[in-house]
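One letter stands for each residue in the lines below.
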Amino acid sequence: MRSLHTSEPETSWRDRWSGQADGTVVLDLGDQPASDYFPHPTDTLPDPRYPMRMVFAHGSGLLQLEADPTTPEEVMGVEPAALVHQAELCVADATAAGLIRPGSRVLHYPSPHGGSWRPQLEPFHLTEVTNGTADLIVDVHGMMHAADQQAAFRERLDALADDGVMLFMIHNASAIVREGMWNALKNGHFAYYTTPSLVRMAHEIGLVAIGAWSYPLYNNGTTMLAFARRGSSRGGEQAPSVTELIAEETAIGVLDPERLQTSLHTSMVDSVSAIREYLEQAASLGLTVAGYGAASRTAALLSSANVTSDDIVMIADASTAKHGRTMPGSRIPIVSPEDLVAAQPDRVLLFVSDLLPEVRNSLPGIEANGGTWVIVDPRPTEIRA
């Protein structure tokens, strides 16, 4: 466990937006296994580990992954029902605001993990383009995967028609700070946006924020922001909803590196201690503990809390591509949901809390066999019927 202290980034680090070298490390998770690496049981040990740190850039206000020496692995995730519902809500709100015009040209920037809005936009009979200009650009957690943030944003700007609209769906970093979601930091996710930082970046390249909507996904941590070219028929003054979000997020300290560092470090220490205490108490009572959700952010949580297969016997996941593999570092086996139910564990730690309604509905056997679901973030909380 890393202690809290003021730290500067590595000398080679540069702000992924401005290119400047002025920043502060606000979260240091030490050496972590790659978050998208799920080794086979027979793969050589030890699993590789890499430094994992989050930096606050003083100039842009952008929170970002300091470095990522890993090579992206094959995407194995399955889009959960919660994300599908979230896409429906976003499209409905954007439609009500007049931002989606039937028959217009659309350019998609989906997340590599899935999450495109193509099914939700199908009724509008949009023409999808891959080059040239687009009337609508939809970025669903896409740009955060770009190591060069300035180049990625300008690429989108260049593709936007003069009277077009750009929709960004982000896991708002303000919620990461507010809710203590420190293990959201992972390989391949280079940028963590707050509303103040993303709006500032957009303004710098000639975009104005014309709308903002907040949603409960990820512990009230999802935001959709709409941008238009400044001076276009759609881009005049910044929307009041955007101004309000900027004020709210600034008030909780998202532009203050010292407050960020204290908040994130405290959340990490409290979370890790609570998980270890819970697992040790379960062991003392002779309870069998399993998990659900072999998500990329699960790896950092298990590693930081020194969780092994002695603590958690298996972790189930909906992705068939992960079955038969293991979690990196801990080598906890990854199994199918059916295997999880058959094992009849006493407790099932749910590593992605938004999945709770979905898994309780699809896996009634867990509770029917006497088991209990346990939400892990930020502290283990047992869910009773």
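Residues numbered from 1 in each chain as written. Predicted model: local features only at pLDDT ≥ 70, side-chain atom pairs only at ≥ 80, totals over all residues. Heavy atoms only, no water.

### Comments concerning the overall build of the protein
The helix and strand tally for the protein stands at twelve helices and 16 strands. A compact globule built from 385 residues would reach a C-alpha radius of gyration of about 21 Å, and the protein, at 21 Å, matches this within 12%. The principal-axis extent of the C-alpha atoms belonging to the protein is close to 65 × 50 × 40 Å. A separation of at least 24 residues holds for 71% of the contacts in the protein among residues at least 6 apart in sequence. A total of about 15900 Å² of accessible surface is found on the protein, and carbon and sulfur atoms cover 51% of it. In the protein, the 26 positive side-chain charges and the 47 negative ones have mean positions that sit 2 Å from each other. (Helix = DSSP H or I, 4+ residues; strand = E, 2+ residues; numbered from the N terminus. Rg over C-alpha atoms; globule rule 2.2 N^0.38 Å. Contact = heavy atoms within 4.5 Å. Areas by Shrake-Rupley, 256 points an atom, 1.4 Å probe, with all protein chains shown as cover. Lys, Arg positive; Asp, Glu negative; His and termini not counted. Charge placed at Lys NZ, Arg CZ, Asp CG, Glu CD.)

### Comments concerning the packing of helix 3 (residues 149-159) against helix 5 (residues 195-204)
Relative orientation of the contacting elements helix 3 and helix 5 amounts to 65°, with a least axis distance of 11 Å. For the element pair helix 3 and helix 5, the recorded crossing hand is right-handed. Facing helix 3, whose interface residues are Gln-149, Gln-150 and Phe-153, helix 5 presents Leu-198, Met-201, Ala-202 and Glu-204. Considered class by class, the residues forming the contact of helix 3 with helix 5 number four nonpolar, two polar and one charged. (Axes fitted to C-alpha atoms, helices over the stretch in contact; angles between N-to-C directions. Left-handed = near helix turned anticlockwise from the far one by under 90°. Nonpolar A, V, L, I, M, F, W, Y, C, P; charged D, E, K, R; others polar.)

### Considerations on the sheet that holds strand 4 (residues 105-110)
Ordered by their spatial adjacency, six strands build an open sheet running 5-4-6-7-10-9, and the pairing between neighbours is mixed. Strands with a single pairing partner mark the edges of an open sheet, and in this sheet they are strand 5 (127-128) and strand 9 (207-215). Across five bridges, the pairing between strand 4 and strand 6 (residues 134-140) is parallel. Looking across to strand 6, one finds that Val-106 is bridged to Leu-136. Contacting strand 7 (160-171), strand 9 and strand 10 (222-229), helix 1 (residues 81-96) runs over the sheet at an angle of about 135° to strand 9. On top of the sheet, helix 5 reaches strand 7, strand 9 and strand 10; it is set at about 15° to strand 10, its chief contact. (Pairing = 2+ DSSP bridges.)

### Structural notes on helix 8 (residues 257-284)
Relative to the 40 Å expected for 28 residues at 1.5 Å per residue, helix 8 spans 40 Å between its end C-alpha atoms, a close match to the ideal helical length. Note on helix 8: the residue one or two positions beyond its end, Gly-286, has a positive phi of about 75°. (Expected span 1.5 Å × (residues − 1).)

### So, the side chain of His-141
On the secondary structure map, His-141 appears in the loop between strand 6 and helix 3. Ignoring sequence-local partners within four residues, the contact set of His-141 consists of Ser-111, Met-169, Ile-170, His-171 and Tyr-218.

### Digging into the sheet that holds strand 1 (residues 23-33)
Strands pair in a sheet through their backbones, by hydrogen bonds, and they do so in one of two ways: parallel or antiparallel. Spatial ordering of the open sheet is given by 1-2-3-8, a layout of four strands whose pairing is antiparallel. Strand pairing shows two members of the sheet lacking a second neighbour, strand 1 and strand 8 (191-192), which therefore form its edges. Judged from the eight bridges that link them, strand 1 and strand 2 (residues 49-57) form a sheet pairing that is antiparallel. For Val-25, the partnering residue across the bridge sits in strand 2 and is Val-55. Helix 9 (residues 296-304) contacts strand 1 and strand 2 of the sheet and is inclined by roughly 80° relative to strand 1.

### A word on the packing of helix 5 against helix 7 (residues 240-251)
Between helix 5 and helix 7, the shortest axis-to-axis distance is 8 Å and the interhelical angle comes to 130°. Classified by the angle between their axes, helix 5 and helix 7 sit oblique to one another. Between helix 5 and helix 7, the residues in contact are Thr-195, Pro-196 and Val-199 and Val-242, Leu-245, Ile-246, Glu-249 and Thr-250, respectively. (Parallel < 35°, antiparallel > 145°, perpendicular 65-115°, else oblique.)

### Observations concerning the pattern of salt bridges
Evaluation of the coordinates by the stated rule reveals 16 salt bridges. In this structure, the salt-bridge partner of Arg-276 is Asp-311, at a minimum N-O distance of 3.3 Å. In this pair, Arg-276 is assigned in helix 8 and Asp-311 in the loop between helix 9 and strand 12 (315-316), connecting sequence segments 35 residues apart. A salt bridge links Arg-360 to Glu-367; the nearest nitrogen and oxygen atoms lie 2.7 Å apart. Shared partners join several salt bridges into a network, and the residues in it are Glu-10, Asp-28, Arg-53 and Glu-66. (Salt bridge = Lys/Arg side-chain N within 4 Å of Asp/Glu carboxyl O.)

### Looking at the environment of His-203
Position of His-203 among the secondary structure elements: in helix 5. In this structure the C-alpha to C-alpha distance between His-203 and Arg-230, which are 27 residues apart in sequence, comes to 8.3 Å. Side chain to side chain, His-203 and Arg-230 meet in a polar contact 3.3 Å long. (Polar contact = N/O pair within 3.5 Å; in protein donor to acceptor, adjacent residues only side chain to side chain.)

### Points about the packing of aromatic side chains
This structure, assessed with the given rule, holds five aromatic pairs. Look at Phe-153 and Phe-168: their rings are 5.3 Å apart centre to centre, the planes differ by 65°, and that puts the pair in the edge-to-face class. Note that Phe-153 is positioned in helix 3 and Phe-168 in strand 7, a separation of 15 residues in sequence. What links up through ring pairs into an aromatic cluster is the set Trp-17, Phe-153, Phe-168 and Phe-227. Taking NZ or CZ as reference, Arg-156 lies 3.8 Å from the ring centre of Tyr-109, over its face. (Phe/Tyr/Trp six-rings, centres within 6.5 Å; stacked < 30°, edge-to-face > 60°. Lys NZ or Arg CZ within 6 Å of the ring centre and 35° of its normal.)

### Comments concerning the pairing of strand 11 (residues 289-292)
Burial of the side chains of strand 11 extends over both faces: Val-289 and Gly-291 are buried on one face and Ala-290 and Tyr-292 on the other. Sheet topology places strand 11 next to strand 14 (residues 347-350); four bridges connect them, and they run parallel. Residue pairing across strands places Ala-290 opposite Val-348, the latter belonging to strand 14. Relative to strand 12, strand 11 runs parallel, the two being bridged by two bridges. Paired with Tyr-292 across the two strands is Ala-316, which belongs to strand 12. The β-α-β motif built from strand 11, the intervening helix 9 and the parallel element strand 12 has right-handed crossover chirality. (Buried < 20%, exposed > 50% of the residue type's maximum accessible area, 1.4 Å probe, protein only. Right-handed = clockwise from strand over helix to strand, strands pointing away.)

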